[in-house]
Amino acid sequence: MTTIIGLNQKPLFHLSLLLLMLFSSSTESLRFEIQSGTTKCISEDMKSNSMTVGKYSVVNPNEGYPLPDSHRITVRVTSSHGNNYHYGDRVQSGQFAFVAAEAGDYMTCFWAVDSKPEVKLTIDLEWKTGVAAKDWSKVAKKGQVDVMEIELKKLQETVTSIHDEMFFLREREEEMQELNRKTDSRMFWLSLLSLFVCLSVAGLQLWHLKSFFEKKKII
């Protein structure tokens, strides 16, 4: 989040940066491999009250044949506060949808079931957040609206998301600035304490040497 410092100095640059962040991070489409008996987690930074939908499935290595029991996974979606939003036990596919109750990193963890011999599973994950999480085709069908109205609704949602994202990033920037101020203050007092300790030790050493030389009648 350090790239947002100085937001008011370059509004056009940071608006472009916000647009890039919004549309590049709104959709996660991944394919990855996982060994049986191991766990792999994927996180997504979300702001509060943002909508998210996800769909995952184990890729069938032999198309036309059913997946074997060894190709099963356990999936859990949790927030950074430890709240559970989805749990799938020994499944081969599934989906989740929820509205984030708090801001932070949301983790989707996949655990491949133990099997002998060990196998390597390939998993497809599609994870959408924000505007991308809304199914506009269903909205059009339900509301019986034309294409232009749908585009306007999408544009309105996009502008709202950018507006919310700007305030979210500004809050994060203020938090980082406050943390920097606290860190600077603590470092200042720590430096003073270190200086006091060093001077005290130097004074004790001089006093000890002076007492030693006086006892030896050197001075």
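Rules of the game
Residues numbered from 1 in each chain as written. Predicted model: local features only at pLDDT ≥ 70, side-chain atom pairs only at ≥ 80, totals over all residues. Heavy atoms only, no water. Core = buried A, V, L, I, M, F, W, Y, C linked by side-chain atoms within 4.5 Å. Buried < 20%, exposed > 50% of the residue type's maximum accessible area, 1.4 Å probe, protein only. Helix = DSSP H or I, 4+ residues; strand = E, 2+ residues; numbered from the N terminus. Contact = heavy atoms within 4.5 Å. Phe/Tyr/Trp six-rings, centres within 6.5 Å; stacked < 30°, edge-to-face > 60°. Salt bridge = Lys/Arg side-chain N within 4 Å of Asp/Glu carboxyl O. Pairing = 2+ DSSP bridges. Axes fitted to C-alpha atoms, helices over the stretch in contact; angles between N-to-C directions. Polar contact = N/O pair within 3.5 Å; in protein donor to acceptor, adjacent residues only side chain to side chain.

Enquirer: Can you tell me about the nonpolar core, naming the residues and giving the values?
Expert: Grouped together as the largest cluster of nonpolar side chains are 21 residues, with contacts concentrated most on Tyr56, Ile73, Phe110, Leu121 and Leu125. Sorting the residues of this core by element identifies strand 1 (27-35), strand 2 (39-46), strand 3 (51-58), strand 4 (73-78), strand 6 (93-99), strand 7 (104-112) and strand 8 (120-129) as the ones contributing at least two each. Ignoring anything within four residues of it in the chain, the contact list for Phe110 reads Phe32, Ile34, Thr38, Thr39, Lys40, Tyr56, Ile73, Thr74, Val75, Ile123 and Leu125.

Enquirer: Report on the packing of aromatic side chains, specifying residues and quantitative values.
Expert: The tally for this structure, following the rule as stated, stands at 8 aromatic pairs. Taking the centre distance of 5.5 Å and the plane angle of 70 degrees together, the rings of Phe188 and Trp189 count as edge-to-face. Since its relative accessible area comes to 56%, Trp189 is described here as exposed. A network of ring pairs unites the aromatic residues Tyr85, Phe96, Phe98, Tyr106 and Trp127 as a single cluster.

Enquirer: Quick rundown of the pattern of salt bridges? Include the residues and the values.
Expert: A complete count under the given rule lists 7 salt bridges for this structure. For the salt bridge of Arg172 with Asp45, the shortest nitrogen-to-oxygen distance reads 3.8 Å. Linking Arg172 in helix 3 (residues 147-215) with Asp45 in strand 2, this pair joins segments that are 127 residues apart in sequence. Judged by its relative accessible area of 26%, Arg172 is partly exposed. Taking the shortest distance from any N to any O, the salt bridge between Arg181 and Glu178 comes out at 2.7 Å. Pair noted here: Arg181 and Glu178 are both in helix 3, with a separation of 3 residues, about one helical turn. Given the relative accessible area of 48%, Arg181 is considered partly exposed.

Enquirer: So what about the sheet that holds strand 2? Which residues, and what values?
Expert: Across the sheet, 4 strands lie side by side as 2-7-4-5; this open sheet has antiparallel pairing. Two strands lie at the open edges of the sheet, namely strand 2 and strand 5 (84-91), each paired on one side alone. The sheet shows a mean angle of 10 degrees between the axes of neighbouring strands, taken without regard to direction. Summarising the sheet, strand 4 and strand 7 pair through 6 bridges and their orientation is antiparallel. Paired with Thr78 across the strands is Met107, a residue of strand 7.

Enquirer: Explain unusual backbone geometry to me, using residue names and the numbers behind them.
Expert: Between Lys116 and the following residue, Pro117, the backbone shows a cis peptide bond with an omega angle of 0 degrees. Its identity as a non-glycine residue notwithstanding, Asn49 has a phi of 65 degrees, on the positive side. The topology assignment puts Asn49 in the loop between strand 2 and strand 3. By relative accessible area, which is 64% here, Asn49 ends up exposed. With a phi close to 50 degrees, Arg90 is a non-glycine residue in the positive phi region.

Enquirer: Please provide a residue-by-residue account of the environment of Gly54, values included.
Expert: On the secondary structure map, Gly54 appears in strand 3. A sequence separation of 79 residues divides Gly54 from Ala133, and the C-alpha atoms of the two residues are 8.6 Å apart.

Enquirer: Can you break down the side chain of Thr74 residue by residue, with the values?
Expert: Structurally, Thr74 is set in strand 4. In this structure Thr74 comes out as buried when scored by relative accessible area, which is 12%. A distance of 3.4 Å separates a polar atom in the side chain of Thr74 from the backbone nitrogen of Arg90. The contact partners of Thr74, leaving out residues within four places of it in the chain, are Tyr87, Gly88, Asp89, Arg90, Cys109, Phe110 and Trp111.

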